[in-house]
Protein chains: 2
Amino acid sequence: MKQRVISALIGLLILSSAIALIGTIFFNMIIAAVSVMALFEMLRASGCLKNPCLDSLSFLMAAIIPFFNEPAIKGWVLPILFLFFVSFCILLIKNLRTERLEQVSVMILFSLFVPLFFSCAVFMRDFYGVVAGSFYLLFALGCAWLCDTCAYFAGRAFGRHKLAPFVSPKKTVEGLIGGLLGCTVFMILIAFLFTLCLEAFGVYIYVNYIAILLLTPVCAMLGVLGDLFASVIKRQFSVKDFGDIMPGHGGVMDRFDSVLFTIPATFIIAHAISLISVL
Amino acid sequence: MKQRVISALIGLLILSSAIALIGTIFFNMIIAAVSVMALFEMLRASGCLKNPCLDSLSFLMAAIIPFFNEPAIKGWVLPILFLFFVSFCILLIKNLRTERLEQVSVMILFSLFVPLFFSCAVFMRDFYGVVAGSFYLLFALGCAWLCDTCAYFAGRAFGRHKLAPFVSPKKTVEGLIGGLLGCTVFMILIAFLFTLCLEAFGVYIYVNYIAILLLTPVCAMLGVLGDLFASVIKRQFSVKDFGDIMPGHGGVMDRFDSVLFTIPATFIIAHAISLISVL
């Protein structure tokens, strides 16, 4: 437990630095680092790390995607993606006997979509500005992690009916409901504190509390889905944890599995409804 | 041989109708039909057609993608794509014991990229107009099919050195060179005839013959790559043909395998260099 708390504190420190740097290119770099680490863990777990050429190509892609909206790269996105496909095809044709289409598909899919989903954090900043972007990032992370934590305690107190016994036997329906309720309450509190903090710096924002009330559970549900999806990978490949980079928590993907879906979900939600706007 | 020629003539008839309808929504429908058929054949060949829910979802996606640039759907592309992912994840979690991550990845990859690559024909029309769009479509199809045909005859006449003995044993280096040279000559001829035809209708265009001379072999090479990629699938899953919808030619994918890569390649080339422009 002590180890777990220390790891969590270090994690929070890194997260605070990320938010402090959100307006700079360093934020893209942090997302790129998270993407590459998450991709590495997911490819390793699914037994895809075999061919150094394919692996390098995947990691290269994961490192580039968070920069897709930067002026220098923006115009090259389509050619880069196409070249990535063509290179994978050439490598598959060359290694016909050792590489199977199925595993190469897993590699392509993970190398494109894991970084793309995480990169929505960068795109949120680019599209909605630093202030709203920071809030949306907090919203995405909060929906995932607060729901996780509240569900843990609610499940321990009231848990009776299993949610997905074959995928994640410890999850209960009661835990999920408690998680959704708890994270909604906390999210509204966070929005309120965020407003107060900004006001202290002379920045005034309008927060759409009704939208937060309605959309936090939706987003948190997607976090649970991401968690279950990661469990499926671990179960199908008989892996316990994705890694051990964060003692007590496991690998990057053990912590970010639920975030994988809440970040793109928040990006899409923000497209439709402004949860906050700077006045 | 007779059957082959009849099939080819029917194919050319359909192709001419497609080009005649290029300015209308029917062209999107034709591309959607080709995408769904190609996807069906590729999923069947790779043994992925097992779960009716997953299959329907894949075909639905293939049918929608060619309409992604239509005003009614344009704003919904991101939510549609995300919903597609989420649905696939839910189905994978629900069918944890019967569906493997690898096969689901093949399904997602094919359902997204096969239609997307074919849909570049629609996007070319939308981006560059009906006249240039028609020429780019002819260019993409010409690079693939003319190279194929010229390579066949050049290979029969001079073929000695195998190109990719394990993937496609009949292909030779001499055939490839003959194919590239032949299709470049034919492509310049087609561009010239295209200009004459349009002039008869009072439409004047400028053709960048030097770009065509340089880029036809590049695009044709990608056609060969598409062909080899399809051969890898057939070989890894021990399938002879993708289908038998076109007697003498096999399935849709047996004819469109080389086109799969030349269409997006042409789209990207056209982004960088205008091969033709309407005066």
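Since the model is a prediction, treat every value here as computed from it, not as a measurement. Here the residue numbers are simple positions, counted from 1 along each chain's written sequence. Chains carry letters and ligands carry numbers; both start at the beginning, A for chains and 1 for ligands, and go up in the order they are written. Reporting in this predicted model follows two pLDDT cut-offs: at least 70 for local features of residues, and 80 or more for side-chain atom pairs to be given and counted; totals over whole chains, interfaces and linings ignore these cut-offs and use all residues. Excluded from the side-chain calculations are hydrogens and water; all other atoms, namely the structure's heavy atoms, are used.

**Student:** An account of the interface of chain B and chain A is requested, with residue identities and associated values reported.
**Tutor:** Here a residue-residue contact requires only that any non-hydrogen atoms of the pair lie within 4.5 Å. With 41 residues of chain B at the contact, the number on the chain A side is 41 residues. A 1.4 Å probe defines the accessible area here, and the buried area is the portion of it lost by two parts on being joined, summed over both. A combined buried area of about 3900 Å² lies between chain B and chain A, and 85% of that area is made up of carbon and sulfur atoms. What counts as a salt bridge is simple: a side-chain nitrogen of Lys or Arg found within 4 Å of a carboxyl oxygen of Asp or Glu. At the boundary of chain B with chain A, the tally comes to zero salt bridges. Side-chain atoms alone can form a polar contact between residues adjacent in sequence; in general such a contact is a pair of N or O atoms within 3.5 Å, and within protein one must be able to donate a hydrogen while the other accepts it. One can count eight residue pairs in polar contact (both at pLDDT 80 or more) joining chain B with chain A. For the side of chain B that touches chain A, the elements supplying multiple residues, two or more each, are helix H5 (77-94), helix H6 (101-158), helix H8 (209-236) and helix H10 (259-272) of chain B. Numbering of helices and strands runs from the N terminus; a helix is a DSSP stretch of H or I covering at least four residues, while a strand is a stretch of E covering at least two. Of all the elements, H6 of chain B adds the most residues to the side of chain B that touches chain A, at ten residues. Among the residues making up the side of chain B that touches chain A, the classes are represented as 32 nonpolar, four polar and five charged. Polar here means any residue outside two lists: the nonpolar Ala, Val, Leu, Ile, Met, Phe, Trp, Tyr, Cys and Pro, and the charged Asp, Glu, Lys and Arg; Gly therefore counts as polar.

**Student:** Explain the relation of the copies chain B and chain A to me, using residue names and the numbers behind them.
**Tutor:** Here the copies are superposed with least squares, the fitted atoms being C-alpha atoms of residues at a pLDDT of at least 70 in both. Overlay of chain B on chain A (RMSD 0.0 Å): rotation 180°, translation along the axis 0.0 Å. Both chain copies can therefore be described as sitting about a two-fold axis. Judged by C-alpha distance, glutamate 102 of chain B is the residue of chain B that lies nearest the rotation axis, at 2.5 Å. Here 100% of the interface residues in chain B have copies in chain A that are interface residues too; the copies meet face to matching face.

**Student:** Lay out the pairing of strand S2 (residues 168-172) of chain B with the relevant residues and their values.
**Tutor:** As defined by bridge partners, strand S1 (residues 162-164) of chain B adjoins S2 of chain B across two bridges and the pair is classed as antiparallel. When the sheet's bridge partners are listed, lysine 162 of chain B is paired in S2 of chain B with threonine 172 of chain B. Note on pairing: two strands pair once DSSP finds at least 2 bridges between them.

**Student:** If you had to explain the side chain of asparagine 28 of chain A to someone new, which residues and values would you point to?
**Tutor:** Residue and element names in this part refer to chain A. Tracing the chain through its elements places asparagine 28 in helix H2 (residues 25-45). On the basis of relative accessibility, which here comes to 0%, the residue asparagine 28 falls in the buried class. Only 3.2 Å separates the side chain of asparagine 28 from the backbone oxygen of proline 66, close enough to count as a polar contact. There is a polar contact of 3.0 Å between the side chain of asparagine 28 and the side chain of arginine 125. Contacts of asparagine 28, omitting those with residues within four sequence positions, involve Pro66, Phe67, Glu70, Val122 and Arg125. Three labels apply to residues, based on accessible area from a 1.4 Å probe with only protein chains included: buried if under 20% of the type maximum, exposed if over 50%, partly exposed otherwise in between.

**Student:** Could you give me a rundown of the environment of serine 111 of chain A, with the residues and numbers involved?
**Tutor:** Residues and elements named next belong to chain A. Assignment of secondary structure puts serine 111 in helix H6 (residues 101-158). Serine 111 sits 68 residues away from leucine 43 along the chain, and the two C-alpha atoms are 8.9 Å apart. Separated by 3.3 Å, the side chains of serine 111 and serine 58 make a polar contact. A distance of 2.2 Å separates a polar atom in the side chain of serine 111 from the backbone oxygen of methionine 107.

**Student:** For the pattern of salt bridges, give the residues involved together with the corresponding values.
**Tutor:** All names here are of chain A. With the rule as written, the count across this model stands at 13 salt bridges over all chains. One salt bridge connects glutamate 70 with arginine 125, and the closest N-O pair in it is separated by 3.6 Å. On the criterion of sequence distance, the pair formed by glutamate 70 in the loop between helix H3 (52-64) and helix H4 (71-74) and arginine 125 in helix H6 is long-range, its members being 55 residues apart. Residue lysine 234 pairs with aspartate 254 through a salt bridge whose shortest N-O separation is 3.0 Å. Taken together, the residues lysine 234 in helix H8 (residues 209-236) and aspartate 254 in helix H9 (residues 252-256) connect sequence positions 20 residues apart. Residue lysine 234 shares its accessibility class with aspartate 254, and that shared class is buried. Several salt bridges share partner residues, and in doing so they unite Glu70, Arg125 and Asp126 into one network.

**Student:** How would you sum up the environment of methionine 29 of chain B? Please name residues and give values.
**Tutor:** Residues and elements named next belong to chain B. Mapped onto the fold, methionine 29 is located in helix H2 (residues 25-45). Residue classification places methionine 29 among the partly exposed positions, given a relative accessible area of 41%. Along the chain, methionine 29 and phenylalanine 67 lie 38 residues apart, while their C-alpha atoms are 8.3 Å from each other.

**Student:** An account of the side chain of serine 58 of chain B is requested, with residue identities and associated values reported.
**Tutor:** Note that serine 58 of chain B resides in helix H3 (residues 52-64). Residues in contact with serine 58 of chain B, not counting those within four places in the same chain, are Leu39, Leu43, Phe88, Met107 and Ser111 of chain B.

**Student:** Can you explain the packing of aromatic side chains? Please cite residues and give values.
**Tutor:** Only Phe, Tyr and Trp rings take part, Trp by its six-membered ring, and two of them pair if their centres are within 6.5 Å. Stacked means planes under 30 degrees apart, edge-to-face means over 60, and tilted covers everything else. Tallying each qualifying case throughout the model produces 42 aromatic pairs over all chains. Relative to phenylalanine 85 of chain B, the ring of phenylalanine 117 of chain A lies with its centre 5.5 Å away and its plane at 75°, an arrangement referred to as edge-to-face. With phenylalanine 117 of chain A in helix H6 and phenylalanine 85 of chain B in helix H5, this residue pair bridges two chains. The residues phenylalanine 117 of chain A and phenylalanine 85 of chain B share a single accessibility class, namely buried. Centroid distance phenylalanine 113 of chain B to phenylalanine 117 of chain B: 6.1 Å. Interplanar angle 65°. Geometry classified as edge-to-face.

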